Amino acid sequence: KVNRIEPRTGDTVEIVGLDITSNDAACRAHLGNTQLAPKNVVGKINMDVVDFDTKSWWDPVNLRYIPQESGYYLVIVKLSLQDSTQDNGQHAIVAKNGVMVSGSYRMNQAGANHTSYTQDIVYCNGTSDYIEPYGENGANDGSWTNTSPYNQGDNAYISITKVAS
């Protein structure tokens, strides 16, 4: 059943539980340039281009998200590996305070770009916790790429949204 509200000019309508003026925390940053991906090294991915940051909590010097409100944050990391000449595994990783929280593994075929994603909900204390994207390449060579061969937008990004207090 759908209830319709048809206010007349000058009427005030209050919808309990809906705050359309809130400025919820959300951020998305992507890799601006290709970054080398050394074999079997778990390394931070330098997401250096901020697409949006509703609270200005992205640290542009350390390239990390530092939430200033305690709560639960949905974190998504997308990575794409290019220029690998051997079959390999790659990992996309969500890290909190420099420690892996969750990750995904994907086996790749040599000579092709492959994308991996991971996501998790991470609690941050609102004072000292921070979130970063990490990756690992299992091949002898390759790099994290910032462009999509299929025009699908950014090929490496981190997206963070506060989902609960």
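Scroll up to find the structure.
Quantities reported herein were computed from a predicted structural model and do not represent experimental measurements.

Let's shift gears to the overall build of the protein chain. When you go through the protein chain residue by residue, the secondary structure sums to zero helices and 13 strands. The helix and strand sequence of the protein chain, counted from the amino end, reads β-β-β-β-β-β-β-β-β-β-β-β-β. Each of the 165 residues in the protein chain was classed as buried or not, and the buried ones make up 42%. Of the contacts made within the protein chain by residues no fewer than 6 positions apart, 72% connect residues no fewer than 24 positions apart. Total accessible area on the protein chain is roughly 9300 Å²; 48% of this is exposed by carbon and sulfur atoms.

Another aspect to go through is the side chain of Asn 137. Relative to the assigned elements, Asn 137 resides in strand β11 (residues 131–137). Taking the relative accessible area as the measure of exposure, Asn 137 reaches 0% and is therefore buried. At 2.8 Å, the side chain of Asn 137 and the backbone oxygen of Ala 37 are in polar contact. Setting aside residues no more than four positions away along its own chain, Asn 137 makes contact with Ala 37, Pro 38, Lys 39, Asn 40, Val 41, Leu 81, Asn 88, Gly 89, Gly 142 and Trp 144.

Membership of the largest hydrophobic core comes to 25 residues, with the highest contact counts inside it found for Met 47, Tyr 65, Tyr 73, Val 75, Ile 131 and Ile 158. For this core, the secondary structure elements donating two or more residues are β1 (26–30), β7 (71–82), β8 (88–96), β10 (114–124) and β13 (157–164). Counting residues per element, this core draws most heavily on β7, at five residues. Here Val 75 is in contact with Val 94, Thr 118, Gln 119, Asp 120, Val 122, Ile 131, Ile 158, Ser 159 and Ile 160, once residues within four sequence places are set aside.

Let's shift gears to a nonpolar patch on the surface. Where nonpolar side chains cluster on the molecular surface, the patch consists of Tyr 72, Ile 121, Tyr 123 and Val 163 and spans about 370 Å² of accessible area. If you trace the backbone, Tyr 123 turns up in strand β10.

Before going further, it helps to examine the environment of Thr 127. Along the polypeptide, Thr 127 turns up in the loop between β10 and β11. Along the chain, Thr 127 and Pro 67 lie 60 residues apart, while their C-alpha atoms are 7.3 Å from each other.

What follows deals with the pattern of salt bridges. Between side chains of opposite charge, a pair can form when the charged atoms approach closely. The final tally for this structure, using the stated rule, is six salt bridges. Of the charged contacts in the structure, one is a salt bridge between Glu 69 and Lys 162, with a shortest N-O distance of 3.0 Å. Of this pair, Glu 69 sits in the loop between β6 (64–65) and β7 while Lys 162 sits in strand β13; the two residues are 93 residues apart in sequence, bridging distant segments of the chain. Classification of Lys 162 as buried rests on a relative accessible area of 17%. Among the charged side chains, a salt-bridge network with shared partners connects Lys 44, Arg 64 and Glu 132.

Definitions and limits used
- Residues numbered from 1 in each chain as written.
- Predicted model: local features only at pLDDT ≥ 70, side-chain atom pairs only at ≥ 80, totals over all residues.
- Heavy atoms only, no water.
- Helix = DSSP H or I, 4+ residues; strand = E, 2+ residues; numbered from the N terminus.
- Buried < 20%, exposed > 50% of the residue type's maximum accessible area, 1.4 Å probe, protein only.
- Contact = heavy atoms within 4.5 Å.
- Areas by Shrake-Rupley, 256 points an atom, 1.4 Å probe, with all protein chains shown as cover.
- Polar contact = N/O pair within 3.5 Å; in protein donor to acceptor, adjacent residues only side chain to side chain.
- Core = buried A, V, L, I, M, F, W, Y, C linked by side-chain atoms within 4.5 Å.
- Patch = residues over 30% accessible without salt bridge, like charges linked within 9 Å, V, L, I, M, F, W, Y side chains within 5 Å.
- Salt bridge = Lys/Arg side-chain N within 4 Å of Asp/Glu carboxyl O.

Function cannot be read off these values alone, since they describe shape.
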